[in-house]
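Structural overview for review
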Amino acid sequence: MNILFLGSGTSTGIPSLCCDCSVCRSDNIKNKRLRSSILVRNKGNHILIDTSTDLRQQCLTNNITHINQVLYTHHHADHLHGIDELRSFNHFNKVVIPCYGNKDTIHEIKKKFNYIFDKTTQVGGGLPKLTLNVVDYESFNLGGVSITPLDIIHGKIHILGYKLNKCAYITDCSEIPRESKNQLQNLDTLILNALGFDPHPTHFSLSQALTTVEELKPKRTILTHINHKFDHSKISLELPMGVELAYDGMAVEC
């Protein structure tokens, strides 16, 4: 199984609009961060996690020509609002794409993008062809990958992280419930959000992420959903052994 980082940035992307900080002005390609998303590739099957605002650009950059399934972590704009780009994969590959999320996420997708799913409002062609599937915390299999949805707290809402075989993807996390922590012990690879240095009501800071890593003890940790406070080269030198920053285009074997 291979994981490709399509985006490693926070909701604004990096560089942030109107910002003149050193990271946003950096020439280092690893400081250029699209909104967070990954592609899980296994034996020709492609599982996309979240349809980020930058999905079109991400797919063009990485020559992605097919997507078999989509897993959603939650319904916030930076993780959802690229959903309309899926219609190109429907059209050229002649497929309907199944999408998965928790009950709240599926409800919000139907409400925000009712033109896709409400046949009484559909006008014209070119609509994404998607099926929406509500998942709980039971494991299931997609394309040979064992997937376990995990309860994750994002501020005041419950979202999903995903355990993928012996790896896990957790983003937009401010707290991990005990039952989910039990599922996350001793992973081969943990992908975890670390927004910045300062405390935040809805995301782990770097110190909180590192404390969680010490508790969960994965063999390897990759930090993602990063804001413009992190200069990739500088922060990489300061991280403990076994912990590294994600960057757009990074590919890891799991």
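Look above for the structure.
The paragraphs below set out a description of the structure included in this document. Starting afresh in each chain, residues are numbered from 1 along the sequence in its written order. Restriction of local features to residues with pLDDT of at least 70 applies here, the model being predicted, together with a cutoff of 80 or more for giving and counting side-chain atom pairs; totals for whole chains, interfaces and linings are based on all residues. The basis for every side-chain value is the complete set of heavy atoms in the structure, and neither hydrogens nor water enter the calculation.

**Comments concerning the pattern of salt bridges**
Should a side-chain nitrogen of Lys or Arg be within 4 Å of a carboxyl oxygen of Asp or Glu, the pair is scored as a salt bridge. Applying the stated criterion across every chain, the model contains nine salt bridges. The partner of Asp20 in a salt bridge is Arg25, with the nearest N and O atoms 3.2 Å apart. We classify Asp20 as exposed; its relative accessible area is 59%. In this structure, Glu238 engages Lys234 in a salt bridge whose closest nitrogen and oxygen atoms are separated by 2.9 Å. With Glu238 and Lys234 both in helix α8 (residues 232-238), this residue pair falls four residues apart, about one helical turn. Shared partners join several salt bridges into a network, and the residues in it are Arg178, Lys181 and Glu215. The rule is simple: take the accessible area with a 1.4 Å probe, protein chains only, and divide by the maximum for that residue type; under 20% is buried, over 50% is exposed, in between is partly exposed. By definition, any uninterrupted DSSP run of H or I lasting at least four residues is a helix, any uninterrupted run of E lasting at least two residues is a strand, and each is numbered from the N terminus.

**Looking at the pairing of strand β1 (residues 2-7)**
For a regular strand, the rule is simple: side chains alternate between the two faces of the sheet. Here β1 lies mainly inside the structure; six of its six residues are buried. What makes two strands pair is DSSP finding at least two bridges between them. Relative to strand β14 (residues 251-253), β1 runs antiparallel, the two sharing three bridges. Counted as the bridge partner of Ile3 is Val252 from β14. Judged from the five bridges that link them, β1 and strand β2 (residues 37-42) form a sheet pairing that is antiparallel. What sits directly across from Phe5, in β2, is Ile38.

**A word on the environment of Ser52**
If you trace the backbone, Ser52 turns up in the loop between β3 (45-49) and α1 (55-61). Residues Ser52 and Ile83, spaced 31 residues apart in sequence, show a C-alpha to C-alpha distance of 7.6 Å. Only heavy atoms matter for contacts: two residues are in contact if any of them lie within 4.5 Å across the pair. Ignoring any residue separated from it by four or fewer positions in sequence, one finds Ser52 in contact with Arg35, Ser36, Ser37, Gln58, Asp78, His79, His81 and Gly82.

**Considering the nonpolar core**
With 25 residues, the main nonpolar core has Ile170, Leu184, Leu192 and Leu223 as its most contacted residues. Elements represented by at least two residues in this core include exactly β8 (145-154), β10 (167-170), β11 (189-193), α7 (206-216) and β13 (243-245). Of all the elements, α7 adds the most residues to this core, at five residues. Counting residues in hydrophobic clusters, the runner-up holds 24 residues, among them Leu71, Val145, Tyr162 and Ala246. Side-chain atoms within 4.5 Å are what join buried Ala, Val, Leu, Ile, Met, Phe, Trp, Tyr and Cys residues into a set we call a nonpolar core.

**Details of the side chain of Gln69**
Among the structural elements, Gln69 can be located in strand β4 (residues 69-71). Given the relative accessible area of 10%, Gln69 is considered buried. When sequence neighbours within four positions are dropped, the list of residues in contact with Gln69 reads Asn45, His46, Ile47, Leu48, Ile97, Pro98, Tyr100 and Leu142.

**With respect to the sheet that holds β8**
Pairing between the strands of a sheet comes from backbone hydrogen bonds, and it takes one of two forms, parallel or antiparallel. Ordered by their spatial adjacency, seven strands build an open sheet running β7-β8-β9-β10-β11-β12-β13, and the pairing between neighbours is mixed. Whereas interior strands pair on both sides, the edge strands pair on one side only; in this sheet they are β7 (140-142) and β13. Pairs of neighbouring strands in the sheet enclose a mean axial angle of 30°, with direction left out of account. Sheet topology note: the β8/strand β9 (residues 157-164) ladder contains eight bridges and is antiparallel. Paired with Asp151 across the two strands is Leu160, which belongs to β9. Here α7 sits on the sheet in contact with β11, β12 (220-224) and β13, set at roughly 155° to β11. Here an axis means a line fitted to C-alpha atoms, over the contact stretch when the element is a helix, while the angle between two N-to-C directions is reported on a 0 to 180 degree scale.

**With respect to the sheet that holds β14**
Pairing is mixed in the open sheet, where seven strands are placed in the order β6-β5-β4-β3-β2-β1-β14. Unpaired on one side and paired on the other, β6 (130-134) and β14 mark the two borders of the sheet. Direction aside, neighbouring strands of the sheet carry axes that sit 20° apart on average. Sheet analysis places β3 next to β4, joined by three bridges and oriented parallel. Each residue of the ladder has a partner; that of Ile47, found in β4, is Gln69.

Bear in mind that shape data such as this cannot, by itself, settle questions of function.
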